[in-house]
Amino acid sequence: MSKKWAISIPASTANLGPGFDSIGIALDKFLQVDVEVATEWKIDNLSDNLPIVPNPEKHLIVQAAQKTAQIHGLTLPACHLEVKSEIPLARGMGSSASAIVAGIEVANQVLGLRLTSHDKLKVATVMEGHPDNAAASIFGGFTISSCADNGEINVFHTANIGAAFVLFIPNFELKTEKARNALPNSYTRKIAAQASATANLLTAAFLTHSFNQVGTYMEQDLFHEPYRLDLIPESREIIIAAKKAGAFGTCISGAGPTLLSLVQKGTEEKFISNLYGKFPNFELTPVGMNLTGTIVSIYTEGSAVN
């Protein structure tokens, strides 16, 4: 009996300012992968925002799927993948994490692995190097995650937050490696303590829906934003203009170059209207927090089961 799987993975933003490499939020933009077992690997790109990879074996989704199978001592059969994406590449919205999560889910479904969300996150973290984006894409909502030296993953997750955002998506890319290389190798104890305290305050404010305070702490990061903002033209001007237009606060999304403004739910279009034409190199896009995380639908002879 033939099966086809439809896998939907949300985009993500990470850090939210001072929550460096730990805070992740799932966003309502999606990578969609339709999967069926085939005689050879084949990938059909059905939208923009997707890499052109002539050899399917070198595609990140396939590599993540094969890595997952290898970890469990199994061989993954070839599959036909039909892929659509709303997540722009190299913009700080978790495009690589969503592809890795998609590949892990491909292996999970095709091989019947019955992986838990934590099992999936462990594999994703091995491939990504940090769990923040992948945790958000897997669990949905607001996540805080960490990876210990022994590989153990700890995750806090909640979907009980009514936040709304506007993305400033630029017409240029910023590779994660370049953004990483801009950071210092170490911080003084004073800076680390202050930055950590700001992250704690941000988390407490977010979990109590104190969005005015969240906005304040979003703009007080000391871990990465002071070094990355100069890599993003007009970023400092956008932060100032967004505040005047009604944002609680604005920060870099992940490693950038997209910027993310936290706004009052229901005011997204007014906020965008207030900034119309001021930053032509950026597309202003409203986006909600995704609450579902990864979703899989299984189709068997014309019927679908979620």
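Residues numbered from 1 in each chain as written. Predicted model: local features only at pLDDT ≥ 70, side-chain atom pairs only at ≥ 80, totals over all residues. Heavy atoms only, no water.

### So, the layout of surface pockets
Within this model, the largest pocket holds a volume of roughly 670 Å³. Along the walls of the largest pocket sit 40 residues, with Gly 94, Ser 95, Ser 96, Ala 97 and Thr 176 positioned nearest its centre. Residue contributions to the lining of the largest pocket peak at five residues, all from helix H2 (residues 95-110). Here the residues of the lining of the largest pocket sort into 17 nonpolar, 14 polar and nine charged. (1 Å grid on protein atoms, 1.4 Å probe; cavity = no way out; pocket = protein on both sides within 12 Å on 5 of 7 lines; lining within 4 Å. Points joined across faces, edges and corners; volume = space filled by probe spheres on them. Helix = DSSP H or I, 4+ residues; strand = E, 2+ residues; numbered from the N terminus. Nonpolar A, V, L, I, M, F, W, Y, C, P; charged D, E, K, R; others polar.)

### Focus: the packing of helix H3 (residues 117-128) against helix H4 (residues 132-139)
Relative to each other, H3 and H4 sit at 150°, their axes nearing to 9 Å. One way to sum up the angle between H3 and H4 is to call them roughly antiparallel. Crossing handedness for the pair H3 and H4: right-handed. Between H3 and H4, the contacting residues are Ser 117, His 118, Lys 120, Leu 121, Ala 124 and Glu 128 on the first element and Asn 133, Ala 134, Ala 135, Ile 138 and Phe 139 on the second. (Axes fitted to C-alpha atoms, helices over the stretch in contact; angles between N-to-C directions. Parallel < 35°, antiparallel > 145°, perpendicular 65-115°, else oblique. Left-handed = near helix turned anticlockwise from the far one by under 90°. Contact = heavy atoms within 4.5 Å.)

### Quick word on the pattern of salt bridges
Tallied over the entire structure, the rule returns seven salt bridges. One salt bridge connects Arg 180 with Asp 21, and the closest N-O pair in it is separated by 2.7 Å. Separated by 159 residues along the polypeptide, Arg 180 in helix H5 (residues 176-181) and Asp 21 in strand E2 (residues 19-37) bring together distant segments of the chain. Of the charged contacts, one joins Glu 105 and Lys 120 as a salt bridge, the two residues approaching to 2.8 Å between their closest N and O atoms. Placement of Glu 105 in helix H2 and of Lys 120 in helix H3 is noted, with a sequence separation of 15 residues between them. Each member of the salt-bridge network shares a partner with another, and the members are Arg 91, Glu 173 and Lys 175. (Salt bridge = Lys/Arg side-chain N within 4 Å of Asp/Glu carboxyl O.)

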